[in-house]
Amino acid sequence: MKRTFLAALWLTIAVAHGVATDAPRPALREYDILRAFPPGRLAALSAGDIPDANGFTGNNRAHGRWIESGPQRGSCRGVIAAVVAGDLAAADNAWRGIDVAFAHQRPDGGFVANPQANGKVASAFDANVETAYFFLQELGRAILVIRQSPHAAHFETRFAALEPKLRRAADYLDRGFATIIPKVGHSVNRVIIAAKAFGTCGVVLGDEKLIAQARRLIAHAVTLRDKEGVFIENGGRNSSYNGVSIFFGSVLALHVPLPGFEAVLPAAVAWQLTRVLPTGEVDVKGNTRTGVGQEANAFGQAKKVNYPEVVFALTYYGLIHRDQAALDAATRVFDFTRPKTK
């Protein structure tokens with residue numbers, strides 16, 4: 001049954017590309033990967049990405065006011081899920097969060113930042129670059145997925161209006177490139193997130209310099225692994241952020257060829273699978289950053305495992321590489337996170 005399920009998923013992707021199913025892995029499109037997700041999974045994972053009445057998502061929604069640009073990445077995920085589902089009304093609703101983000105863009109291409117509940121504010125240049133790339137890495141991805149879908153024409157006018165704003169934002173990121181590794185080099189997942197912003201926006205804008213910057217960041221990221229190939233966070237292993245690194249790097253590699261990154265993925269995934277318990281819970285013993293109370297969010301609450309990203313990481317890897325063990329683990333983790341019925 002499980003092998004049949006995986007074969008059916010791969011057939012869906014292969015047929016979309018018009019390739020023989022016994023051929024080597026074709027160049028895959030992210031839209032097709034998302035369409036091949038198990039029924040209901042993408043919608044469930046994206047359920048929290050709908051903007052509120054003010055157009056806020058993520059931490060901005062939690063604060064009830066505009067804080068910074070990074071949290072608006074949730075609206076981009078909401079757009080992606082709606083487009084993949086073919087629900088253009090929902091996509092338009094989620095797009096409000098993108099419009100709200102650019103309503104807070106400054107003339108220099110960066111975005112307004114206000115204090116969080118803990119008093120921290122991303123006003124310094126390196127911090128403002130960081131929150132901007134958190135938003136832009138999902139915006140660039142959303143545009144690319146839409147372009148791969150049958151619904152690109154629906155967004156054509158919006159894309160045209162957005163391009164000069166995205167150009168300014170990408171230029172702002174590029175001016176801050178030298179700040180990224182000094183600020184977040186201890187956290188490889190953030191290096192990869194920055195690379196995803198440069199790479200996806202570079203593809204959107206047809207800018208080879210931005211794409212080259214993405215590859216530079218990825219080249220650094222692959223050096224941030226331990227001797228067994230696990231992505232390191234704050235000097236050690238973290239079963240949450242290793243999954244984040246796998247996921248975001250895998251997404252970028254669907255849009256920008258990254259053979260060096262893909263070559264190191266099997267080892268990182270192999271360790272990630274050892275952290276998924278039979279129940280689907282992610283084992284946090286020995287984590288260096290999150291899962292056992294080491295870090296707090298803006299409201300002073302302990303950061304927990306990034307369960308959605310772990311599910312995405314294992315689902316993407318399983319579909320791309322036809323890896324049943326990864327798909328089985330993704331299903332266990334996904335089921336663990338679902339509300340339990342009495």
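It should be noted that the structure appears before, not after, this text.
Residues numbered from 1 in each chain as written. Predicted model: local features only at pLDDT ≥ 70, side-chain atom pairs only at ≥ 80, totals over all residues. Heavy atoms only, no water.

Enquirer: Which parts of the structure should I look at to understand the side chain of Gln137?
Expert: Among the structural elements, Gln137 can be located in helix α7 (residues 125-148). We classify Gln137 as buried; its relative accessible area is 0%. Side chain to side chain, Gln137 and Lys196 meet in a polar contact 2.4 Å long. Dropping the residues within four chain positions of it, Gln137 is found in contact with Arg73, Ile193, Lys196, Ala197, Thr200 and Phe248. (Helix = DSSP H or I, 4+ residues; strand = E, 2+ residues; numbered from the N terminus. Buried < 20%, exposed > 50% of the residue type's maximum accessible area, 1.4 Å probe, protein only. Polar contact = N/O pair within 3.5 Å; in protein donor to acceptor, adjacent residues only side chain to side chain. Contact = heavy atoms within 4.5 Å.)

Enquirer: Help me understand the packing of α7 against helix α8 (residues 156-175), please; the structure alone is not making it clear to me.
Expert: The description of two helices packed together rests on the angle between their axes and the distance between the axes. Where α7 meets α8, the closest approach of the two axes is 10 Å, and the angle between their N-to-C directions is 140 degrees. The angle between α7 and α8 places the two elements in the oblique class. α8 is crossed by α7, and the crossing has left-handed handedness. Seen from α7, the contacting residues are Phe125, Asn128, Val129, Ala132, Tyr133, Leu136, Leu139, Ile143, Ile146 and Arg147; seen from α8, they are Phe159, Leu162, Leu166, Ala169, Tyr172, Leu173 and Arg175. Split into classes, the residues belonging to the contact of α7 with α8 amount to 14 nonpolar, one polar and two charged. (Axes fitted to C-alpha atoms, helices over the stretch in contact; angles between N-to-C directions. Parallel < 35°, antiparallel > 145°, perpendicular 65-115°, else oblique. Left-handed = near helix turned anticlockwise from the far one by under 90°. Nonpolar A, V, L, I, M, F, W, Y, C, P; charged D, E, K, R; others polar.)

Enquirer: Even after reading the chapter, I still don't get the nonpolar core, so can you show me in this structure?
Expert: Side chains of nonpolar character tend, in soluble globular proteins, to be buried together. Phe37, Tyr133, Phe135, Leu136, Leu139, Ile180 and Tyr316 are the most contacted members of the largest nonpolar core, which has 104 residues in total. If one sorts the elements of this core by residue count, α7 sits on top with twelve residues. Once residues lying within four places of it in the same chain are set aside, the contact partners of Tyr316 are Glu30, Ile33, Leu34, Phe37, Arg141, Phe247, Val251 and Leu254. (Core = buried A, V, L, I, M, F, W, Y, C linked by side-chain atoms within 4.5 Å.)

Enquirer: I tried to follow the environment of Val244 on my own but got confused; where do I start?
Expert: Turning to its location among the elements, Val244 is positioned in helix α12 (residues 241-255). Along the chain, Val244 and Val311 lie 67 residues apart, while their C-alpha atoms are 9.6 Å from each other. Beyond its immediate chain neighbours, meaning those up to four positions away, Val244 contacts Asn189, Asn306 and Glu309.

Enquirer: Can you help me understand α12 in this one?
Expert: Working note: α-helix, 3.6 residues per turn, so residues spaced by three or four point in the same direction. Taking 1.5 Å as the rise per residue, α12 with 15 residues should run 21 Å; its terminal C-alpha atoms sit 22 Å apart, in good agreement. Most of α12 sits inside the fold, with 15 of its 15 residues counted as buried. (Expected span 1.5 Å × (residues − 1).)

Enquirer: Even after reading the chapter, I still don't get the packing of helix α10 (residues 188-205) against helix α11 (residues 208-221), so can you show me in this structure?
Expert: In contact at an axis separation of 7 Å, α10 and α11 are set at 160 degrees when each is read in the N-to-C sense. Classified by the angle their axes make, α10 and α11 are roughly antiparallel. Considering only the axes of α10 and α11, their crossing is left-handed. Contact with α10, carried on its side by Val188, Val191, Ile192, Ala194, Ala195, Phe198, Gly199, Cys201, Gly202, Val203 and Leu205, involves Leu210, Ile211, Gln213, Ala214, Leu217, Ile218, His220 and Ala221 of α11 and no other residues of that element. Classifying every residue of the contact of α10 with α11 by side-chain character gives 15 nonpolar, four polar and no charged.

Enquirer: What am I meant to see in the pattern of salt bridges here?
Expert: Summed over the entire model, instances satisfying the criterion amount to 19 salt bridges. Here Asp226 ties to Arg237 by a salt bridge, and the two come within 2.5 Å at their closest N and O atoms. Here Asp226 is found in the loop between α11 and β1 (232-233), whereas its partner Arg237 is found in strand β2 (residues 236-237), with eleven residues between them in sequence. Here Arg289 and Glu295 are joined by a salt bridge, their closest N and O atoms 2.7 Å apart. You'll find Arg289 and Glu295 in the same group, each marked buried. Here the salt bridges share partners, and the residues they tie into one network are Glu30, Glu138, Arg141 and Lys196. (Salt bridge = Lys/Arg side-chain N within 4 Å of Asp/Glu carboxyl O.)

Enquirer: Whenever I open this one, the packing of aromatic side chains confuses me. Can you help?
Expert: Applying the stated criterion to the full structure yields 17 aromatic pairs. Centroid distance Phe125 to Tyr172: 5.5 Å. Interplanar angle 85 degrees. Geometry classified as edge-to-face. Highlighted residues: Phe125 in helix α7 and Tyr172 in helix α8, separated in sequence by 47 residues. For the pair Phe247 and Tyr316, a centre-to-centre distance of 5.3 Å together with 70 degrees between the ring planes defines the contact as edge-to-face. One end of the pair, Phe247, is in helix α12; the other, Tyr316, is in helix α14 (residues 307-321), with 69 residues separating them in the sequence. Each member of the pair, Phe247 as well as Tyr316, is classed as buried. Here the aromatic residues Phe37, Phe247, Phe248, Phe312 and Tyr316 are joined through ring pairs into a cluster of three or more. (Phe/Tyr/Trp six-rings, centres within 6.5 Å; stacked < 30°, edge-to-face > 60°.)

Enquirer: What exactly am I supposed to notice about unusual backbone geometry here?
Expert: Despite not being glycine, Asn234 has its phi angle at roughly 55 degrees, a positive value. If you trace the backbone, Asn234 turns up in the loop between β1 and β2. Positive phi, normally seen in glycine, also occurs at Arg322, with a value near 55 degrees. Among the secondary structure elements, Arg322 is positioned in the loop between α14 and α15 (324-337).

Enquirer: What exactly am I supposed to notice about the side chain of Ser245 here?
Expert: With respect to the secondary-structure elements, Ser245 resides in helix α12. The class of Ser245 is buried, set by a relative accessible area of 0%. Setting aside residues no more than four positions away along its own chain, Ser245 makes contact with Val188, Asn189, Ile192, Phe231, Glu233 and Phe261.

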